[in-house]
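Overview (structure and organization)
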Amino acid sequence: MNKKEDSVSMDRLAQLWSSRAKGLIAEMNLQIEEATYSGVTIRMTFNPNFCVDEEETLLHGGALTALLDSAFGLANLMAIGDVQTMATLDLRVEYLRPAQTRADVLVSAECYRQTRHIAFCSGKVWHDGAAADEIARGSATFALTRGKSGLLEMMEKMGAQ
């Protein structure tokens, strides 16, 4: 596969991931900033509905956890490719400081190791414009089912359209 085909494949995976968002993840209005084999960066636009204070500036930790989990899922898809299904086995988040601002939140995530049935991810969260001041760090493990049916098959159908 050449670099252009590789880029198209990455774009298709990212489109597929975005199109399958439901519930809370859809409400989070996540935007993919970067998606490659080595990792992803996702933006969550500021949403006062996810705040827990009257001034609507302090983000709820659950929104950050959901953001990390979703980014890890995309990182797995980008790194592995032949994932048919995945399930979060373990998700850990270290909250480093209050997420208190009206700025967008960014998360970077990577699948740093994979076996036939398990993927290991790590990531960090920060406010737009303040990458040096991390809000949170996370790690997760995922159970994987691999196979051609599932995501790769859906990508092929998207390519045919």
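It should be noted that the structure appears before, not after, this text.
Parameters at a glance
- Residues numbered from 1 in each chain as written.
- Predicted model: local features only at pLDDT ≥ 70, side-chain atom pairs only at ≥ 80, totals over all residues.
- Heavy atoms only, no water.
- 1 Å grid on protein atoms, 1.4 Å probe; cavity = no way out; pocket = protein on both sides within 12 Å on 5 of 7 lines; lining within 4 Å.
- Points joined across faces, edges and corners; volume = space filled by probe spheres on them.
- Helix = DSSP H or I, 4+ residues; strand = E, 2+ residues; numbered from the N terminus.
- Nonpolar A, V, L, I, M, F, W, Y, C, P; charged D, E, K, R; others polar.
- Core = buried A, V, L, I, M, F, W, Y, C linked by side-chain atoms within 4.5 Å.
- Buried < 20%, exposed > 50% of the residue type's maximum accessible area, 1.4 Å probe, protein only.
- Phe/Tyr/Trp six-rings, centres within 6.5 Å; stacked < 30°, edge-to-face > 60°.
- Salt bridge = Lys/Arg side-chain N within 4 Å of Asp/Glu carboxyl O.

On to the layout of surface pockets. Volume-wise, the second largest pocket comes out at about 230 Å³. Lining the second largest pocket we find 17 residues, and of these Ser108, Ser122, Gly123, Lys124 and Gly138 sit closest to its centre. Every element with two or more residues in the lining of the second largest pocket is listed here: strand S1 (30-36), strand S2 (39-44), strand S3 (83-95), strand S4 (105-114), strand S5 (118-127) and strand S6 (134-146). A class-by-class count of the residues in the lining of the second largest pocket yields two nonpolar, nine polar and six charged.

Here the focus is the nonpolar core. One finds Val40, Ile42, Met44, Leu59, Leu67 and Val125 to be the most contacted residues of the largest nonpolar core, which totals 36 residues. Elements represented by at least two residues in this core include exactly S1, S2, helix H3 (61-80), S4, S5 and S6. It is H3 that provides the largest number of residues to this core, a total of 12 residues.

Attention now goes to the packing of aromatic side chains. By the definition in use, this model includes two aromatic pairs. Geometrically, the ring pair formed by Phe72 and Phe142 is edge-to-face, given 6.5 Å between the ring centres and 80° between the ring planes. Taken together, the positions of Phe72 in helix H3 and Phe142 in strand S6 put the pair 70 residues apart, joining distant regions of the chain. Residue Phe72 is classed as buried on the basis of its relative accessible area, which comes to 0%. On the basis of relative accessible area, Phe142 is assigned to the buried category, the value being 2%.

Okay, the pattern of salt bridges next. Scanning all chains against the criterion turns up six salt bridges. Of the charged contacts, one joins Arg43 and Asp128 as a salt bridge, the two residues approaching to 3.0 Å between their closest N and O atoms. Here Asp128 lies in the loop between S5 and S6 and Arg43 lies in strand S2, a separation of 85 residues in the sequence. A relative accessible area of 41% means that Asp128 is categorised as partly exposed. We note a salt bridge from Arg137 to Glu134, for which the minimum N-O separation is 2.7 Å. Classification of Arg137 as partly exposed rests on a relative accessible area of 42%.

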